[in-house]
Amino acid sequence: MESNEDSVVIGLIPAQDASRRLEMLTLEEAHDLLRLLQLIATEGPDELSQEAAWFAREIAARIPSEN
């Protein structure tokens, strides 16, 4: 049975990819996600920005820099 949270995630996946889930991100995708999370983290002092900041720190610690 699919949870409500799963249906939201699947709704964000392009239709051709809905039948499979990615196991890993490419390094480029990880950097794109990191930039997005950092942008959200600067939006304001709310729960979402705090969570985005935490995830950004976690991802940044696990991937090599773009340089």
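Let us look at the structure shown here. Predicted model, so just to flag it, every value in this text is computed and none were measured. (Residues numbered from 1 in each chain as written. Predicted model: local features only at pLDDT ≥ 70, side-chain atom pairs only at ≥ 80, totals over all residues. Heavy atoms only, no water.)

### Brief notes about the packing of aromatic side chains
- Under the definition given, this model contains one aromatic pair.
- Ring centres of W54 and F55 lie 4.8 Å apart, and the angle between their planes is 80°; on these two criteria the pair is classed as edge-to-face.
- What makes W54 partly exposed here is its relative accessible area of 42%.
- Looking at F55, the relative accessible area reads 37%, which means it is partly exposed. (Phe/Tyr/Trp six-rings, centres within 6.5 Å; stacked < 30°, edge-to-face > 60°. Buried < 20%, exposed > 50% of the residue type's maximum accessible area, 1.4 Å probe, protein only.)

### Some remarks on the environment of H31
- Residue position: H31 is located in helix α2 (residues 27–41).
- For the pair H31 and E66, spaced 35 residues apart in sequence, the C-alpha separation works out to 7.6 Å.
- Here H31 is in contact with I63, P64, S65 and E66, once residues within four sequence places are set aside. (Helix = DSSP H or I, 4+ residues; strand = E, 2+ residues; numbered from the N terminus. Contact = heavy atoms within 4.5 Å.)

### Considering the environment of L27
- Inspection of the secondary structure assignment puts L27 in helix α2.
- Using a relative accessible area of 42% as the deciding quantity, one classes L27 as partly exposed.
- Spatially, the C-alpha atoms of L27 and P64 are 8.3 Å apart, while their sequence positions differ by 37 residues.
- In contact with L27, not counting residues within four places along its chain, are I63 and P64.

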